Amino acid sequence: MVKRSLVFFIGILLSLQSVQAEIVIEVTQGKQSAIPLAVVPFSWSGSEPLPEDISQIVHNDLGHSGYFRTMPVANMINKPTTISQVNYADWSIQRQDYVVIGRVEADPEGYAIEFHVLDVHLKAEVLRHRVKGKKSQMRDLAHYISDYIFENLTGIVGVFSTKLVYVTTNRERNRFNLNYADADGARERLIFSSREPIISPAWSPDGKTIAYVSFENRQGEIFFQELASGKRERVIAFKGSSFSSAPAFSPDGKSLAFVNSELGNPDIYVMDIATRKVRRLTNHFAIDTEPQWDIDGEHLFFTSNRAGGPQIYRMNVNSLAVKRITFDGNYNARPRVTADGRKLVYVKQANGRFHIASQDLETGKVHILTSETELDESPSVAPNGSMVVYAASENERSILAAVSVDGDVKFRLPSKYGDVREPAWSPIFK
Amino acid sequence: MQTTTLYKSLGLAFGALLLTACASKGDIDEGTSQIEDAQDQTTQVVEDAKVSGEELKAQAEAALRDQTVFYFAFDQSTIKEDGKKALKAHAKYLAANSSAKVTLEGHADERGTIEYNLALGERRSMSVRAYLMANGAKAEQLKVVSYGEERPAVMGSSEDAYAKNRRVEVKY
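What counts, and where the lines are drawn
- Residues numbered from 1 in each chain as written.
- Chains lettered and ligands numbered in written order.
- Predicted model: local features only at pLDDT ≥ 70, side-chain atom pairs only at ≥ 80, totals over all residues.
- Pairing = 2+ DSSP bridges.
- Helix = DSSP H or I, 4+ residues; strand = E, 2+ residues; numbered from the N terminus.
- Axes fitted to C-alpha atoms, helices over the stretch in contact; angles between N-to-C directions.
- Contact = placed C-beta atoms within 7 Å.
- Expected span 1.5 Å × (residues − 1).
- Buried ≥ 20, exposed ≤ 12 C-beta atoms within 10 Å, placed from the backbone.
- Nonpolar A, V, L, I, M, F, W, Y, C, P; charged D, E, K, R; others polar.
- Domains from an automatic or database assignment.

The subject of this paragraph is the sheet that holds strand β20 (residues 299–304) of chain A. Read from one edge of the open sheet, four strands run β19-β20-β21-β22 (chain A), paired in antiparallel fashion. A strand with exactly one partner marks an edge of an open sheet, and here the two such strands are β19 (288–293) and β22 (322–324) of chain A. Ignoring which end each strand starts from, the neighbouring axes of this sheet average 30 degrees apart. Of the pairings in the sheet, the one linking β19(A) to β20(A) comprises four bridges and is antiparallel in character. Bridged to Q292(A) within β20(A) is F301(A). On top of the sheet, helix α4 (residues 114–134) of chain B reaches β19 and β20 of chain A; it is set at about 155 degrees to β19(A), its chief contact.

All names here are of chain B. Here helix α3 (residues 81–96) contains 16 residues, and its C-alpha end-to-end distance of 24 Å stays within 8% of the 22 Å for a straight helix at 1.5 Å per residue. For α3, the complete set of buried residues consists of L87, H90, A91 and L94. The inward-facing, buried residues of α3 abut β1 (69–71), β2 (102–107), α4 and β4 (167–171).

By a frequent convention, interface size equals the accessible area lost on bringing the separate parts together. Counting residues at the interface gives 33 residues for chain A, matched by 22 residues for chain B. Of all elements in the fold, only β11 (198–203), β15 (243–249), β16 (255–262), β19, β23 (332–337) and β27 (377–381) of chain A reach the threshold of two or more residues within the side of chain A that touches chain B. Per-element tally for the side of chain A that touches chain B: the top contributor is β15(A), with three residues. For the side of chain A that touches chain B, the per-class residue count stands at 14 nonpolar, 11 polar and eight charged.

Here we take up the domain arrangement of chain A. All names here are of chain A. Structurally, chain A comprises domain 1 (2–28 + 162–425) and domain 2 (35–154). Computed over C-alpha atoms, the centres of domain 1 and domain 2 are 36 Å apart. Of the residues assigned to the side of domain 1 that touches domain 2, the class counts are four nonpolar, two polar and five charged.

What follows is the structure, encoded as structure tokens:
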């Protein structure tokens, strides 16, 4: 016993030397500086009020992304809506790099929006585009415009048209709702309601199915729900199991990793979704849970307390070889990987508090992304890797908050009912 | 509480009845019959004591079984000493009633991740299960489930609330 722990200790020392586990509370260090951009209110040629304020949505989208610092409309002296009305000097004095102007017009099907993006330094128009849509699609059009501008100016795909699924519950904990909303929190819809807990919602990569754990049969069981039809199916319910949970779809959508526990030993399994054949991946007396696929579809990150407290590990689903990933601190759990596979985002306990942290998978460098809230959990990374949405505790309620992966921009998502938990960010819809 | 006083008063009443019964029976100078009577009295008194002793013990056991919630330290699944007596009582009951079944519902406080806490809650239920089995309960009588942090007993983020949420509930 002594021999084993000595080897383990030496192993830790060696790995500490190669892993830079320096905790940095992010303010401005090392991140991309936000680009100053002004979205001028779009003109509207009609008489009745528009159902949505397009330019306001674009302003919020781009500002919340962390990549842009959007200029307050109150500071705008002139508000051009056509190219000819633009005086570049107005904007260079205000230190803006880009200006977005536009016009909304009525269209037989609904509305047409034309917008321009102008480069203040070049004193030239760099983007111009026109979109059309129905009255009910106004928010979708606005998000489309945000995606378009974002992608063209940053080179990164935009996520403003993506969705969130999350759980809301009341204080008495006898009503649990699974909800679906836009990535900015608008247009919330109920997709499943229960008197028993719902946890761990997960999106299929094609964005059509949500997997989640429901306790409707008095213990945790995994269900699939098809978004379009509302059809539900109990997928995993092993005999003799205390619970099945933590579903995670593989990047190709063909497999589901999950946890099953019998007699106090949670382990990780993988199911082939088409054949429903199950394969056991871990067989260790420790708590092994929270599997999450790496982008190559061949490895799984997971949480295990095999070393004493919860830490994050990575395993090869074919060879079953396991490698420890986190070494800093004594509680690191619930891994999520960014779209480029470079960073791990997870929950870390530091100084008695729980925060969202990121670890660079190549250098091992650890950053704490959240600092103002205390009981941070359930991080979900945007499909373009730019932002992390998570649940935080505020005034004894659970709310959703978001932080850019660099840790700088923070905002809260409005919630009108009870406690909001476990956000899951959708894939980009094709 | 009411049952105990009831039993007590019944016991007293019965005892009183005995004394009055003995006083009315026969005269002092009847010789042997008196001695027999005395023996009868003695035998009766001893039997009474035995019966009320058993009843009192059964009451005490049942009272212990009133405790159905057991608590744990943070990130631990070890049963606390102060819960063991009650758990033993549950185990005895289950051992004596093979058709009786319980669900052991495990819980955790809200700190940490949801899925990890689901596993922690189960570990706590398993601890209780092991203790019950070691004291006579059979595996078929015990069902283990976990609600993790989803069903707190007390809402709030105080240490006191947390302590009350780290629990296993024994449900018949």
